[in-house]
Amino acid sequence: MVKLAKISKVLEVNNCNNEQLFKALYTSAFWEEINPSKKMEAQFIAPNVLHTKIYDEIDLVKIPIEMEGELLLSDKGEDAEKGRLIEFNVRNNKDIRELEGRIRIKPLSNTKSKLGVFIETFTLTSEFLNLLGGGADLVLQRKISDMLRNVEKCCKTKDLQDFL
C-alpha cells in the first residue's frame, strides 16, 4: 500500500455564483460536464452519493483505465472567512483503497468564486499501482487541474442554473 503526496489546487472562477456552484455539485450532469476523463457515466444514488463509471487512458503511458465507485460528499457548512466546505471520500472502488479530501467554495463577489480541491489521503491498490508505476500522483494532479479548468470553461459557456 503506497500513500501519495497531498495535493492542493485552487482557482478563481468568473461567471460563477458560489450558491449555484454548490448546488451544481449535487447534480450528475455537472460532474459529467466537468469530468476530465474520456467518458464518465454519473448518477446520484443518494442525495450525497455520486456513483460513477469512468473510462479513460493515461496519456503518459497509454494505459486504458476503467474505474467504478462512489464519491460521498458531506456538506460541512459555511465559514464566513473561508467559504463553504464539502468533505469527500471514495468508496466501493476496487482500484482506489482510499481517497479523502475537501472542496472549498468561497464567494469573491456575486459572480466570482474561489474553488479549491484539497486531497488529504490518496491510496491506490497495489494492482493498480503496478499499471501506473510511480506516476499516479502526477496523473491525479493533472486530472484535478483539468477538472478545475473544465469548471472554469463551463462557467464561461453555460449558466450553472441549467444544471439545477
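Here, every reference points to the structure presented above.
Note that the structure is predicted; figures quoted are calculated from it, not measured. (Residues numbered from 1 in each chain as written. Predicted model: local features only at pLDDT ≥ 70, side-chain atom pairs only at ≥ 80, totals over all residues. Heavy atoms only, no water.)

Student: For this particular structure, what's the right way to read unusual backbone geometry?
Tutor: Backbone geometry follows two general trends: most residues other than glycine have a negative phi, and most peptide bonds adopt the trans configuration. If you check the backbone angles, N15 has positive phi at about 55° while not being a glycine. In this structure, N15 sits in the loop between β2 (7–14) and α1 (18–24). Assessed through its relative accessible area of 49%, N15 is described here as partly exposed. Even without being a glycine, N92 presents a positive backbone phi close to 55°. (Helix = DSSP H or I, 4+ residues; strand = E, 2+ residues; numbered from the N terminus. Buried < 20%, exposed > 50% of the residue type's maximum accessible area, 1.4 Å probe, protein only.)

Student: Looking at this structure, how should I read empty space enclosed by the protein?
Tutor: In this approach, a probe sized like a water molecule rolls over the atoms, and the result shows the empty space that is left. Going through the model one piece at a time under the given rule, you end up with one cavity of 30 Å³ or more. Estimated volume of the largest cavity: approximately 840 Å³. Breaking the lining of the largest cavity down by element, the ones donating at least two residues are α2 (28–34), β4 (49–58), β5 (63–79), β6 (83–91), β7 (96–109), β8 (112–124), α3 (126–132) and α4 (136–157). Looking at which element gives the most residues to the lining of the largest cavity, the answer is α4, with eight residues. (1 Å grid on protein atoms, 1.4 Å probe; cavity = no way out; pocket = protein on both sides within 12 Å on 5 of 7 lines; lining within 4 Å. Points joined across faces, edges and corners; volume = space filled by probe spheres on them.)

Student: What is the right way to look at the nonpolar core in this model?
Tutor: In a soluble, globular protein the nonpolar side chains are often hidden away together inside. Core analysis: the largest hydrophobic core is formed by 42 residues, its most contacted members being F30, W31 and I119. The biggest single contributor to this core is α4, with nine residues. (Core = buried A, V, L, I, M, F, W, Y, C linked by side-chain atoms within 4.5 Å.)

Student: What am I meant to see in the packing of aromatic side chains here?
Tutor: Between two aromatic rings, the relevant description is the distance of the centres plus the angle of the planes. All told, the structure shown has three aromatic pairs when counted by the stated rule. Considering the side-chain rings of F22 and Y26, the 5.3 Å spacing of their centres and the 65° angle between planes classify their relative orientation as edge-to-face. F22 gets classed as buried once you look at its relative accessible area, which sits at 13%. Through successive ring pairs, a cluster of aromatic residues spans F22, Y26 and F44. Against the face of F22 rests R84, its NZ or CZ located 3.7 Å from the ring centre. (Phe/Tyr/Trp six-rings, centres within 6.5 Å; stacked < 30°, edge-to-face > 60°. Lys NZ or Arg CZ within 6 Å of the ring centre and 35° of its normal.)

Student: Quick question: what am I supposed to make of α4 here?
Tutor: Two residues of an α-helix separated by three or four positions point the same way, owing to the 3.6 residues in each turn. The end-to-end C-alpha distance of α4, which contains 22 residues, comes to 31 Å, matching closely the 32 Å that a straight helix rising 1.5 Å per residue would cover. Those residues of α4 that fall on the buried side of the exposure criterion are A136, D137, V139, L140, I144, S145, M147, L148, V151, C154 and C155. (Expected span 1.5 Å × (residues − 1).)

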